Amino acid sequence: MSAVGTPVTRVDGPAKVTGAAKYSAEIGLPGMTYLAVVGATIASGRVTAIDAEAARAAEGVLAVLTPEDLPKIAAEPHLLPSLVGGPAPGESFFPMQDDVVQYAGQPVALVVAEEYEQAQHAASLVRISYQPTKSITTIDEGRDQAYEAERLFGGLMPARSERGDVEAGLAAADVRVEVAYKMAANHHNPIEAPSTVATWDGGNLTLYESTQGIRATQQTVALLLGLPIARVRVITRFVGGGFGAKAMVWPNVTLTAMASRYVGRPVKLMLTRPQMFTSNGHREEQEQRIAIGATRDGQLTAIRHEKLSITSPFDDWAEPATGVSSQLYGCENYLGIHRLIKGNTMTPTFTRGPGESLGVFTLETAMDELASHLAIDPVELRLRNHTPVDPFGHPWSSDGLVECLRLGAERFGWSDRNPAPRTTRDGEWLIGTGVAAAAYPIAFFMPPQRARARIFADGSAIVQTSTQEFGTGVLTMATQVGADALGVALRDMEFQAGDSDLPNSTAAVGSAGAGMVSSAVHAAGTALREQLIALAVGDEQSALHGAAPASVKVADGHLTSAERPGAVDTYRELLSRNHMSDAEALGTWRPPPLDTPHGLLTFGAQFAEVAVDPELGLVRVRRLNGAFAPGRVLNPLLAHSQLMGGMLWGMSQALLEGNHMDPRYGRWAETNLAEYLVPVNADAPEVRVDFVDVDDELVGPLGAKGVGEIGQVGVAAAIANAVFHATGRRIRSLPMAPELVMDPAADGQ
Amino acid sequence: MTTVEAAATEVPLRINGRQHVVVLEPRVSLLDALREHLDLTGSKKGCDQGTCGSCTVWIDGRRVLACLTLAAAASGHDIVTIEGLADGDQLHPMQRAFIEYDAFQCGYCTSGQIMSAIKVIEEGNAATDEDISEFMSGNICRCAAYPNIRAAIRHVRDEAGGRP
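About the cut-offs
Residues numbered from 1 in each chain as written. Chains lettered and ligands numbered in written order. Predicted model: local features only at pLDDT ≥ 70, side-chain atom pairs only at ≥ 80, totals over all residues. Heavy atoms only, no water. Helix = DSSP H or I, 4+ residues; strand = E, 2+ residues; numbered from the N terminus. Rg over C-alpha atoms; globule rule 2.2 N^0.38 Å. Contact = heavy atoms within 4.5 Å. Areas by Shrake-Rupley, 256 points an atom, 1.4 Å probe, with all protein chains shown as cover. Lys, Arg positive; Asp, Glu negative; His and termini not counted. Charge placed at Lys NZ, Arg CZ, Asp CG, Glu CD. UniProt positions renumbered as here; feature names shortened; annotations may be inferred. Buried area = accessible area lost by both parts, 1.4 Å probe. Salt bridge = Lys/Arg side-chain N within 4 Å of Asp/Glu carboxyl O. Polar contact = N/O pair within 3.5 Å; in protein donor to acceptor, adjacent residues only side chain to side chain. Nonpolar A, V, L, I, M, F, W, Y, C, P; charged D, E, K, R; others polar. 1 Å grid on protein atoms, 1.4 Å probe; cavity = no way out; pocket = protein on both sides within 12 Å on 5 of 7 lines; lining within 4 Å. Points joined across faces, edges and corners; volume = space filled by probe spheres on them. Domains from an automatic or database assignment.

**Let's talk about the overall build of chain B**
Helix and strand content of chain B: six helices and five strands. Ordered by position from N to C terminus, the α and β elements of chain B give β-β-α-β-β-α-β-α-α-α-α. At 17 Å, chain B has a C-alpha radius of gyration in line with the 15 Å of a compact globule built from 164 residues. Seen through its principal axes, chain B has C-alpha atoms that stretch 55 × 35 × 25 Å. In chain B, once contacts between residues fewer than 6 apart in sequence are set aside, the share between residues at least 24 apart is 54%. Just so you have it, chain B exposes about 6500 Å², and 49% of that area is on carbon and sulfur atoms. Between the mean site of the 15 positive side-chain charges and the mean site of the 22 negative ones, chain B shows a separation of 2 Å.

As structure tokens, then:
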């Protein structure tokens, strides 16, 4: 009678469908005031004057804060991914400390007013004078200044990955494929804008914050304000989507706290939609090249994979793009390089399927070209290059790639395919199908994860940890895990999260959330169960007195032992007999060491069918099929939704999403949801998700590898390969906008 | 620089069958009146520009975007928000279907999706999947629960025997 693995509907479902669920900007506090941020309109230069007279005189205005009024931060921020568990500023920079402008949209003044409309209006009255300098905001502008990065992610990862002799491997190959792609910048655009409510009680700060990592927020704000961590509390009831935009801690959070301290009242900030394009990072504009060599029977002999991207003036940031291409297939000679250009943008950040989704796009479209050259079926080519070990010779913690490719192909009907391109029509539409492998790394950078389990005298129980619900279903999944671990019915278990006062759990990023939270909750529930079993077998009045603890099983709050047929005790009676109003236990999960002798990837396979109108350049995705091996599936209903949403993100990456800098002004051209395209209902085809069962004993006690990213990876490649199959043409830019699909001259073919 | 400040005045609003009187400046949107002045936060602010649909409410039985409607202009009309759908603990069939078909993840666009979904059936625009997806395309779901949203709408349509 396990709750884990059953398709339980969301525990937060009723609150979300009735409008009762409170998101951070919906917290009402007495005396609330409203903050509006004034962003720089130039991308590089200095602020020479701020005329705030009209704004200060406007009705309802409590304060206009310029760099002169704002206190200096207590410590310089240093970018570090929130998964590490410490302070996690999104950039090694904090605005409004001097007159320098590093990127357009950078906060240069703050307005606090009694009402939202008053703050917005007064912000429009602040007159800023600038002395602009030449900015660099595109790869083309900075190409001659590119340099090879040494390390990425705040120094966490090497930027170069090398083995064997890639040039010799390419030279020795029977067949070589070399391709290059341009990829436009992406913006996460969760529907809930980043929102903060800050309130002070003496020296104690409370933040209601829309974040993927409440402990990261707590530690970052404490660091920047020079406060003890214990004096900062972060509460996050619900988050309206993250996708990476809320994975790091951006300046607006600390600015809100500063504004609240200045006016001595609670302050609310909800970024505007246009501000979301310059306030919480983005996926950087990039170019990727890949060269692969192979023998005539399709065995890879070498892969050289290079990424060139634009970063901020202050951080060597690139989403790592070579973690999968260096490992997915057996290949002795490999070189992966990240090159950077310092530009006038904020530091880019994680965006769903961080880094690897575009790395896999490049690898997997090149594999498709290789399959075409060799006249080998694309699925078969991938099967031939499958490796059971990672490049160090370590076996995968769990595999499943071959099974995903085979199952996906069968469910999709791949064998019916005519491999020749531009051979299938449906009226005016050209029809094509494509496949790509999917893989995403598992990272164990996090510190130990803790949860607390507590049971009360009436048999009801709670498990707590400081994670947050942003749509992943963690509240539901953790309730299931907690119920099973403690041995109570699902109805008797409640999972509580969303408060930094609860036991430590790290930011839910990079598909790590399910693994971390389920492992900590399992540990806490198990610890409490063992404590109560010990109490029972030591209790002379228990029917189980004297039984071996290991023989005792608990289900629905009832304790039984194979040593005592028919004997039953219950948690309720046990606590009551012992005059205990409750019992509690802390559980800790320690992640495997970083040098664990295992390959760590989650695997899948993606299949797409597209219809292309060659005259209008329209690409309509008719079918998406994904097969995934994410380890233990804690809740198939919710995992299906996560994977389906990820796959539609991949479709969007292929066909819709791209932002472009206007280099004349150094500002983004698309800064709203009318111009920056995201999928609407009519764009979304039916999606099929299949699971391949794999046991994974390394990644955690429940064996869950996570489903947040893998669904997104490989989809864009499958779609691009399908577009080639439909049209006979390769489109060398993402998104594959109609003008590129329509006009053969547009991409140089 | 001179600015003209318009005085706040009493604005009567009939919401979910209840009469409210709110003191508002004329420039306050219906969405901000609901969220910031009436603690009716079920209607969501996603873009404040009329592009995402998460603020969808009904005025006199029609779905409208509360962010593009001035509160003062909604005075004298019947306003229904997501908070007005359930009858106590008894959820509206569309609310139940959204839970059953897992038609949301983060939940932030959900109020607007449900307010539109009920009307799509009432408007007679839910006969086919193509119709449903076309007439639901004013409501963006960034989690991309779209296939599940269609399934929930189909379910309610079929349960109601084609009637609203």
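Okay, back to it.
**Details of the UniProt feature "domain: Aldehyde oxidase/xanthine dehydrogenase a/b hammerhead" (unreviewed entry) in chain A**
Here, UniProt's "domain: Aldehyde oxidase/xanthine dehydrogenase a/b hammerhead" (unreviewed entry) annotation points to residues 18-134 of chain A. Taken end to end, residues 18-134 of chain A is 13% helix and 29% strand, and its two terminal C-alpha atoms sit 51 Å from one another.

**Details of the interface of chain A and chain B**
Of the residues lining the interface, 63 residues belong to chain A; the matching set on chain B comes to 53 residues. Counting the surface chain A buries against chain B, the share from its top three residues, A:Val17, A:Ile191 and A:Asn681, is 17%. Seen at the junction of chain A and chain B, the total is seven salt bridges. Ionic pairing is found between A:Glu26 and B:Lys44, a salt bridge with its closest N-O pair at 2.9 Å. Our enumeration of links across chain A and chain B arrives at 29 residue pairs in polar contact (both at pLDDT 80 or more). Of all the secondary-structure elements, those providing two or more residues to the side of chain A that touches chain B are helix 1 (13-17), helix 3 (116-125), strand 15 (267-270), helix 14 (636-655) and strand 32 (686-691) of chain A. Of all the elements, helix 14 of chain A adds the most residues to the side of chain A that touches chain B, at nine residues. For the side of chain A that touches chain B, the residue count by class is 32 nonpolar, 18 polar and 13 charged.

**Re the layout of surface pockets**
All names here are of chain A. By volume, the largest pocket is sized at about 1200 Å³. Along the wall of the largest pocket there are 41 residues; nearest its centre are Met157, Gly323, Gln327, Pro441 and Phe445. Those elements that place two or more of their residues in the lining of the largest pocket are strand 9 (157-158), strand 10 (160-163), strand 18 (333-342) and strand 20 (429-441). Sorting elements by how many residues they give to the lining of the largest pocket places strand 10 first, with four residues. Looking at the lining of the largest pocket, its residues break down into 23 nonpolar, twelve polar and six charged.

**Describing the domain arrangement of chain B**
All names here are of chain B. Entries for chain B in the domain assignment read domain 1 (9-84) and domain 2 (93-160). Here the C-alpha centre of domain 2 lies 22 Å away from the C-alpha centre of domain 1. Counting residues at the interface gives 17 residues for domain 1 and 16 residues for domain 2. With both chains or domains summed, domain 1 and domain 2 bury close to 1400 Å², and 54% of this area falls on carbon and sulfur atoms. Together, Trp58, Arg63 and Ile82 form the three largest contributors to the area buried by domain 1 at its contact with domain 2, with a combined 49%. Taken together, the connections running from domain 1 to domain 2 amount to one salt bridge. Between Arg63 and Glu123 there is a salt bridge; the shortest N-O distance is 3.1 Å. Put simply, domain 1 and domain 2 have ten residue pairs in polar contact (both at pLDDT 80 or more) between them. The greatest single-element share of the side of domain 1 that touches domain 2, amounting to three residues, is contributed by strand 3 (residues 56-59).

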